[in-house]
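# Reading the structure
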Amino acid sequence: MRAAISSAEHNVKGGKQVQDLPLETFAGDAVIADLRHLVPARPYWRRLERAVGTVIRRGDRLLLRTDVNKTYMIDDWMKRSPYLRSDGTRWCIDKGVVLVGYDFYHGVDEPEAPRVLNASRTLSEAGIVTLPYLDNLDRAPGSG
């Protein structure tokens, strides 16, 4: 799987550098939320509870599968990218996940977000590592 790591330091001044994050954050089982059927409709992140709410536990790693990564760099892929709404970001924080990975562009915010990269920054401020641009989630066991 390919990914770009967004550590807290990347999004939050004075946060941790990626090498200072515990290895356990990145290693182990993950819960995959299959959200392909919702693309390209936006916003839709309230549906996280429906997708994985019964299986997600505090300390889990959450991977958001949309398969949007299959069209990276084609036409207007950045504009077509889904985004994590504020309510979805809050849901991740409240569930206590340690990592949120997703297979889409990280630079799209919901309309009228209070700041640039709002979802990534909010997750980082809560101590949650983000992994945008995941690839091959369709090959992961249990990915739908």
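Residues numbered from 1 in each chain as written. Predicted model: local features only at pLDDT ≥ 70, side-chain atom pairs only at ≥ 80, totals over all residues. Heavy atoms only, no water.

We now examine the overall build of the protein. Summing up its helical and strand segments, the protein has 5 helices and 4 strands in all. When burial is assessed residue by residue, the protein has 47% of its 144 residues classed as buried. Residue pairs at least 24 apart in sequence account for 78% of intrachain contacts in the protein once pairs closer than 6 positions are excluded. Carbon and sulfur atoms make up 50% of the accessible area of the protein, which totals about 7,900 Å². (Helix = DSSP H or I, 4+ residues; strand = E, 2+ residues; numbered from the N terminus. Buried < 20%, exposed > 50% of the residue type's maximum accessible area, 1.4 Å probe, protein only. Contact = heavy atoms within 4.5 Å. Areas by Shrake-Rupley, 256 points an atom, 1.4 Å probe, with all protein chains shown as cover.)

What follows deals with unusual backbone geometry. One non-glycine residue, Glu 112, lies in positive phi territory at about 65°. The residue Glu 112 is located in the loop between β3 (99–102) and α5 (118–125) in this model. Residue classification places Glu 112 among the exposed positions, given a relative accessible area of 81%. Residues other than glycine seldom take positive phi values, yet Asn 136 does so here, at roughly 70°. Note that Asn 136 resides in the segment after β4 (129–131).

With that settled, consider α5. Among the 8 residues of α5, 6 are classified as buried, and the element is accordingly described as predominantly covered. Turning to α5, its buried residues number three or more, namely Asn 118, Ala 119, Ser 120, Thr 122, Leu 123 and Ser 124. Directly beyond the C-terminal end of α5, a positive phi value near 85° is found at Gly 127.

Moving on, we come to the side chain of Asp 60. Position of Asp 60 among the secondary structure elements: in the loop between α2 (48–52) and β2 (61–65). Beyond its immediate stretch of four places on either side in the chain, Asp 60 contacts Val 31, Val 55, Gly 96, Val 97, Val 98 and Leu 99.

The next point concerns the pattern of salt bridges. By the definition in use, this model includes 6 salt bridges. The salt bridge partner of Arg 57 is Asp 60, with a shortest N-O separation of 3.3 Å. A salt bridge links Arg 65 to Asp 67; the shortest N-O distance between them is 3.0 Å. The two residues Arg 65 and Asp 67 agree in class, both being buried. (Salt bridge = Lys/Arg side-chain N within 4 Å of Asp/Glu carboxyl O.)

With that settled, consider the environment of Leu 62. Within the secondary structure, Leu 62 sits in strand β2. Here Leu 62 falls in the buried class, since its relative accessible area comes to 0%. Sequence separation between Leu 62 and Val 31 is 31 residues, and the spatial gap between their C-alpha atoms is 5.0 Å. Residues within four places of Leu 62 in sequence aside, it is in contact with Val 31, Ala 33, Val 52, Ile 56, Trp 91, Cys 92, Val 97, Leu 99, Val 100 and Gly 101.

It is worth spelling out empty space enclosed by the protein at this point. Tallied over the entire structure, the rule returns 1 cavity of 30 Å³ or more. In terms of lining, the largest cavity is formed by 14 residues, of which the most central are Leu 84, Tyr 102, His 106, Ala 119 and Ser 120. Classifying every residue of the lining of the largest cavity by side-chain character gives 11 nonpolar, 2 polar and 1 charged. (1 Å grid on protein atoms, 1.4 Å probe; cavity = no way out; pocket = protein on both sides within 12 Å on 5 of 7 lines; lining within 4 Å. Points joined across faces, edges and corners; volume = space filled by probe spheres on them. Nonpolar A, V, L, I, M, F, W, Y, C, P; charged D, E, K, R; others polar.)

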